[in-house]
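Next come the chains, spelled out residue by residue.
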Amino acid sequence: MFGRLTLEAFQHDWIEYAAGLSMVFGALATVILLTYFRLWKWLWKEWLTTVDHKKIGIMYIIVSFIMLFKGIFDAVMMRLQQVWSVGDSMGYITASHFQQVATAHGVTMIFFVGMGLMFGIINMILPLQIGARDVAFPALNSISFWLFTSGAMFILVSLIVGEFAGTGWTSYPPLSGLKYSPGVGVDYWLWTIQISGVGSLLSGINFFVTILKMRCPGMKLMRMPIFVWASFATMIMVMFAFPILTATLNMLTTDRLIDTKLFTTEAGGNPMMYINLIWAWGHPEVYILILPAFGIFSEVVAVFSEKRLFGYKTMVYAIFVITFLSFIVWLHHFFTMGSGASVNAFFGIMTMIIAVPTGVKVFNWLFTMFQGRVRLDTPMLWFLGFAIVFVLGGMTGVMMSIPAVDFQVHNTLFLVAHFHSVIIGGVVFGFFAGYSYWFPKFTGIMLNERIGKWAFGFWLSGFLLAFMPLYLLGFMGATRRLDHYEPQTGFFPLFAVAGVGAILICIGFGLQILQILVSIKENKKDLSGDPWNGRTLEWSTSSPPPHYNFAHIPEVHSIDPFWEMKKEPEMKKKPLHEIHMPSNTGVGVYLGALSFIFGFAMIWHMFWLAILSAIIMVGCLIARLYEKNTEYYISVEEIKRDA
Amino acid sequence: MFAAFFAAYAVLKDGVNSGPSGKDLFNLPYALIETFVLLFAALTSGIGSIFVHRRKRKRAITFFLITALLGLGFLSMEWIELSDWIQRGYSWKFSAFLSTFFTIIGTHAFHVFFAILWVFVFLIPLFFRQITDTDIRRLSCLRMFWQFIFIVWVCIFNIVYLIGAL
Amino acid sequence: MKNHYKIALVVLAIVVAVVATILFIQNNNIPVLDPKGIIGQKQRDLLFITTLLMLIVVVPAIAFTLIFAFLYRKGRPNATYRPEFYDSHLAEIVWWGVPSIIIIVLAVITYQSSYALDPYKPIESDKKPITIQVVALEWKWLFIYPEQSIATINFIQFPVDTPINFEITADAPMNSFWIPQLGGQIYAMQSMRTELHLMATEAGVYRGCSSNLSGEGFSGMVFQAKASSEQEFNQWVKEVKNSSKFLTLDEYNVLVTPSEYVPASFYKLEKQDLFNYILTK
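Throughout what follows, the structure given in this document is the object of discussion.

Criteria and thresholds
Residues numbered from 1 in each chain as written. Chains lettered and ligands numbered in written order. Predicted model: local features only at pLDDT ≥ 70, side-chain atom pairs only at ≥ 80, totals over all residues. Heavy atoms only, no water. Helix = DSSP H or I, 4+ residues; strand = E, 2+ residues; numbered from the N terminus. Rg over C-alpha atoms; globule rule 2.2 N^0.38 Å. Buried < 20%, exposed > 50% of the residue type's maximum accessible area, 1.4 Å probe, protein only. Contact = heavy atoms within 4.5 Å. Salt bridge = Lys/Arg side-chain N within 4 Å of Asp/Glu carboxyl O. Polar contact = N/O pair within 3.5 Å; in protein donor to acceptor, adjacent residues only side chain to side chain. Core = buried A, V, L, I, M, F, W, Y, C linked by side-chain atoms within 4.5 Å. Domains from an automatic or database assignment. Phe/Tyr/Trp six-rings, centres within 6.5 Å; stacked < 30°, edge-to-face > 60°. Lys NZ or Arg CZ within 6 Å of the ring centre and 35° of its normal. Expected span 1.5 Å × (residues − 1). Patch = residues over 30% accessible without salt bridge, like charges linked within 9 Å, V, L, I, M, F, W, Y side chains within 5 Å. Areas by Shrake-Rupley, 256 points an atom, 1.4 Å probe, with all protein chains shown as cover. Pairing = 2+ DSSP bridges. Axes fitted to C-alpha atoms, helices over the stretch in contact; angles between N-to-C directions. Parallel < 35°, antiparallel > 145°, perpendicular 65-115°, else oblique. Left-handed = near helix turned anticlockwise from the far one by under 90°. Nonpolar A, V, L, I, M, F, W, Y, C, P; charged D, E, K, R; others polar.

1. Notes on the overall build of chain C
Secondary structure assignment for chain C yields 6 helices and 12 strands. Computed over its C-alpha atoms, the radius of gyration of chain C comes to 26 Å, more than 25% above the 19 Å expected for a compact globule of 281 residues. Here the C-alpha coordinates of chain C stretch approximately 85 × 40 × 35 Å along the principal axes. By residue count, 51% of the 281 residues in chain C fall in the buried class. Expressed as a percentage of contacts within chain C between residues at least 6 apart in sequence, the contacts between residues at least 24 apart total 69%.

The structure is reproduced here in structure tokens:
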């Protein structure tokens, strides 16, 4: 009845116990507080079942912050092992545990921090920037969020029941096959990504249709904010790339579950096929992560330079050149697999071409600042940090795109430093720029600027200290996922410096949490709805916006429509109409919970439970199809009251 | 997604593990009949969709039911063919070729199964009430799904069966 | 005032960092930057050329970032403010054009070097190459010298200035065979045979490792690669041939069982076609 789940699955070492218990206590504390303050009904009605894109966006970001905490914790654990496990000492955790932490760190950061933060911000901002009231498929939006959260649960639950994969975040076979990883770890990995991947794909479709179909009157494609263009290109990549991931994970699952011979080294299987497929998804994935961040910077730089974004058209072209190229470079992730000179050369050249449109975007941002009036508030500081870190990271990327050079740095800490430079410098700094920029819009209060600047300082200096040494370590022969080394290698001092950097990053993150608390206490309200002198439509609403976004759907005549609207005198009051809104629904929560049960059952081979939860999931979908109360109307009186 | 499976098939189809290959196992006339069954299923879903637009309830129901029946027929034919192979010992466990074959056919069949299920999900209310705009939208989407299933099958027939058997 | 202190602090930090880095590099062995093999040397040269070419774009980018933030910050007296300047064909031509030219140059370099430094390409030399067959196991490296009929675990020796033909496979999850001080790596995969060609230009003992995660003992897959004179090499081969351990099929099956941090050991090779046997298992 319990499949292969036994009591042994609950046995762990003391660190895992501590982590698991603190998680359980955290969850229990939340449940107790909610019960004590009688907030369950509120939580269910206002948040869990909401189809309001703004709230869904906020929930994505909350979950991502929790996962960011875990991801940083994993990183600190790795840094600690790497300053401890030298020579005779084997460190404080076993190699197997270390590999699980490394794998969990990668999966958490890419899927549940990177994707979560980006999709969260897109959710919050996109409909507002195109003058829409919600996304094209609001219930589907909720389902996507809950699938995302369900996926995240697997990583957390693996701390308590069973183990996680120790294969690296891309889980190459044969290591991830049945023969070398017979336990449940890789199965957890498979289901965490498979389920959240479905959520991502559904969001991709949702946002794609939203942008095409729900722009307000006058918002032609070439008048959309660059953030919207970036999101549009991102969703195209999502729709093409994520099904590849679904297929690949499916094949590894059948290899492990029903003994297919797809990625085995016997009976005709081919592990190299997996590597090709996973990177055919994996490379577009990293562009999916970075393009929205580029979009955020396009917004921030223009507003904080008090100048229109330089080269709008080229920025759009550059986005699509990047989108197209991102699909034909995947082999650069495995130049060292022995494909031969011509294949390697082709992919190397394709890879380096991406540097051109990316560089174009950077120069366009810089020239937006040129002869503007640059306000060095926190959002702009994040941009400056990005400009330095990301450009350095991009440079090292081009270095590695030459196959012969890659042979000496592949899978070393040089590679690790490169991708952290572009992901932290790009995606994370981009998110923080957007976060500090849009926080007042969605909460109605201003963030404490002083703490924000200190947090930035710690993140930037922490990042540089934590990752610049890694470039050098790569040149010294230090590979990634290394849990032990000899002192003669000379690695230790650099790992020690990196450890200090990690601590600084922790302080930076801690300051950001402090900033939220202090800002709530200070309660400096944003009463105008436009604290930064913004240029795009979201700033025309109140802070926070009413749940229907706009009392009147705006009509747009140019780029930066709100900037133009502010120049014109007060317009005639147009008559108000009833607003048609989608109703809340629990289908997202149910599907999320059931998908978790399904995945858990599949991992532990409780097939009766898997089938049952699958049937109930289909049942939920059918029930949703028959649901009559999916929409309601907001009366004109209520709109007048909100004004 | 199917593109990724086809790519895997192209790479793995020669991994026969000293066992049978497509040439030994594929029955082309049988596969051709399956193709026509699906073709007519897609066709009847199209006709049913036209009747839905014209709000002709009884005819719409009839044609979509035929679609579902044809779909069931298709699945039965696949079941018969594949269970025979499995009984002879040639299941997905045997070789990479068989693994990837079963993966493609299985994924496609899984989609056909849902298309059949969805015919019933959408049709049952129509027994009790008139056609609404929502029904028109949903059944149009379902019709497109059947057409998609057929197109994928055409690819399977060509890439897997035809090229494999020659 | 306060801002000037902040800037001074940042500049000081940068100077300290740069000095510390230079000191570190001078006092430590950085294999990729100071290779002792001809492949590694060519790879390092490529690295430097690429970096210099990229700096043509990177330096202006970072410089403009800092300069524009300073020159055009709000509140700076007498700063030009031209909000209508948001398009310039000349600027676009420059920043599409110059990076494109750099990329074209790099593309040519890429094409040439991919062929010149293809791991499968034998190294030209009048000396007769040595063949070493490499098998990645859990979690150690097995080296087979078919011509000398010896085998070793986690240790290889070869003469300086002599091409080495590595033939590589695995009887374990995917690993990557790498000796940083001599040149680039290549994956070691089960049932597949890859090749790597290296040649040492200086005598010494160099660290080798696996750079692809293959399980728990992966970090212990460190081996020593010793480049010596030809005489020393022949002497060493003789010593190993006289060793008491024999690498038979049975002994191989013992080796295949997982073990970690295995010290170097030396065998006389009994099963001559062991590599092929492993490859076709």
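2. Observations regarding the interface of chain C and chain A
Each partner contributes to the interface: chain C provides 84 residues, whereas chain A provides 89 residues. The tally of links from chain C across to chain A stands at 1 salt bridge. The residue C:Lys74 makes a salt bridge to A:Glu306 at a minimum N-O spacing of 2.8 Å. Our count for the contact surface shared by chain C and chain A stands at 23 residue pairs in polar contact (both at pLDDT 80 or more). For the side of chain C that touches chain A, the secondary structure elements donating two or more residues are helix H1 (2-27), helix H2 (38-71), helix H3 (89-116), strand S7 (183-188) and strand S9 (204-210) of chain C. Among the elements that make up the side of chain C that touches chain A, the one with the highest residue count is H2(C) (17 residues).

3. A short note on the nonpolar core
Membership of the largest hydrophobic core comes to 341 residues, with the highest contact counts inside it found for A:Trp189 and C:Phe166. Per-element accounting of this core gives the leading share, 22 residues, to helix H8 (residues 271-304) of chain A. Split by domain, this core shows at least three residues from each of two domains, domain 1 (35-116) and domain 2 (130-280) of chain C. For C:Phe166, the residues in contact, after removing those within four places along its chain, are C:Ile132, C:Val134, C:Ile156, C:Phe177, C:Ile179, C:Thr194, C:Glu195, C:Leu196 and C:Leu198. One finds C:Leu142, C:Leu247, C:Leu255 and C:Ile278 within the second-largest nonpolar core, a separate group that totals 16 residues.

4. Considering the packing of aromatic side chains
Scanning all chains against the criterion turns up 109 aromatic pairs over all chains. Taking the centre distance of 5.2 Å and the plane angle of 25° together, the rings of A:Tyr485 and A:Phe495 count as stacked. Taken as a pair, A:Tyr485 in the loop between helix H15 (449-475) and helix H16 (492-522) and A:Phe495 in helix H16 lie far apart in primary sequence, 10 residues in all. A relative accessible area of 2% means that A:Tyr485 is categorised as buried. Residue A:Phe495 is classed as buried on the basis of its relative accessible area, which comes to 0%. Every member of this aromatic cluster is reached through a ring pair, and the members are B:Tyr9, B:Phe26, B:Phe74, B:Trp85, B:Trp92, B:Phe97, B:Phe101, B:Phe102, B:Trp153, B:Phe157 and B:Tyr161. Sitting over the ring of A:Trp47, A:Lys55 keeps its end group 5.3 Å from the ring centre.

5. Things to note about helix H10 (residues 341-353) of chain A
Taking 1.5 Å of rise per residue, 13 residues should cover 18 Å, and H10(A) covers 18 Å from first to last C-alpha, within 8% of that figure. What H10(A) keeps buried is the set A:Ala341, A:Asn344, A:Ala345, A:Phe347, A:Gly348, A:Ile349, A:Met350, A:Thr351 and A:Met352. Buried positions along H10(A) lie against helix H9 (312-325), helix H11 (355-369), helix H12 (378-400) and helix H13 (403-409) of chain A together with H3 of chain C.

6. Overview of a nonpolar patch on the surface
Residues A:Tyr17, A:Leu21, A:Val24, A:Phe25, A:Leu28 and A:Ile32 make up a contiguous nonpolar surface patch of about 580 Å² in total accessible area. Overall, the relative accessible area of 56% leaves A:Phe25 in the exposed class.

7. Remarks on helix H3 (residues 53-84) of chain A
Over its 32 residues, H3(A) extends 46 Å from the first C-alpha to the last, a length consistent with the 46 Å expected when each residue adds 1.5 Å. Residue A:Asp52 occupies the N-cap position of H3(A), its side-chain oxygen lying 2.9 Å from the main-chain nitrogen of A:Lys54.

8. Points about the environment of B:Ala41
Residue and element names in this part refer to chain B. Its location among the elements puts alanine 41 in helix H3 (residues 28-53). Classification of alanine 41 as buried rests on a relative accessible area of 0%. Leaving out residues up to four positions away in the same chain, alanine 41 has contacts with Thr67, Leu70 and Trp146.

9. Section: the arrangement of the chains
Between all 2 pairs of chains that are in contact, chains A and C come out with the most contacts. At no point do chain B and chain C touch; the closest pair of C-alpha atoms across them sits 13 Å apart.

10. Things to note about the sheet that holds strand S5 (residues 164-170) of chain C
Residue and element names in this part refer to chain C. Strand order in the open sheet formed by 7 strands is S8-S5-S1-S2-S3-S12-S11, and the pairing between neighbours is mixed. Among the strands making up the open sheet, the edge pair consists of strand S8 (194-198) and strand S11 (246-247). Two strands pair when backbone bridges link them, and S5 and S8 are joined in this way by 5 bridges, in the antiparallel orientation. Its bridge partner being in S8, glutamate 167 is matched across the sheet by glutamate 195. The sheet contacts of helix H4 (residues 230-241) involve strand S1 (130-137), strand S2 (140-145), strand S3 (150-153) and strand S12 (265-269), and relative to S3 the element is tilted by about 90°.

11. Looking at the environment of A:Val497
Residues and elements named next belong to chain A. Within the fold, valine 497 resides in helix H16. Under the relative-accessibility criterion, valine 497 is labelled partly exposed at 32%. Between the C-alpha atom of valine 497 and that of leucine 465, which follows or precedes it by 32 residues, the distance is 6.3 Å. Every residue in contact with valine 497, bar those within four places of it in the chain, is listed here: Leu465 and Pro469.

12. Some points on the packing of helix H4 (residues 95-129) of chain A against helix H6 (residues 185-213) of chain A
Describing two packed helices takes the angle between their axes plus the distance from one axis to the other. Residues and elements named next belong to chain A. Where H4 meets H6, the closest approach of the two axes is 12 Å, and the angle between their N-to-C directions is 20°. Relative to H6, the element H4 lies roughly parallel. Along this stretch, H4 crosses H6, giving a crossing that reads as left-handed. Contact residues: Thr103, Val107, Phe111, Phe112, Met115, Phe119, Ile122, Asn123 and Leu126 in H4; Trp189, Thr192, Ile193, Ser196, Ser200, Ser203, Phe207 and Ile211 in H6. Here the contact of H4 with H6 is composed, by residue class, of 11 nonpolar, 6 polar and no charged.

13. Points about the packing of H6(A) against helix H18 (residues 587-603) of chain A
Residue and element names in this part refer to chain A. At a minimum axis separation of 9 Å, H6 and H18 run at an interaxial angle of 155°. Viewed along their axes, H6 and H18 adopt a mutual orientation that is roughly antiparallel. Classified by chirality, the crossing of H18 by H6 is right-handed. Residues Asp187, Tyr188, Trp191 and Ile195 of H6 form the contact with H18, whose own contacting residues are Ser595, Phe598, Gly599, Phe600, Met602 and Ile603. A class-by-class count of the residues in the contact of H6 with H18 yields 7 nonpolar, 2 polar and 1 charged.

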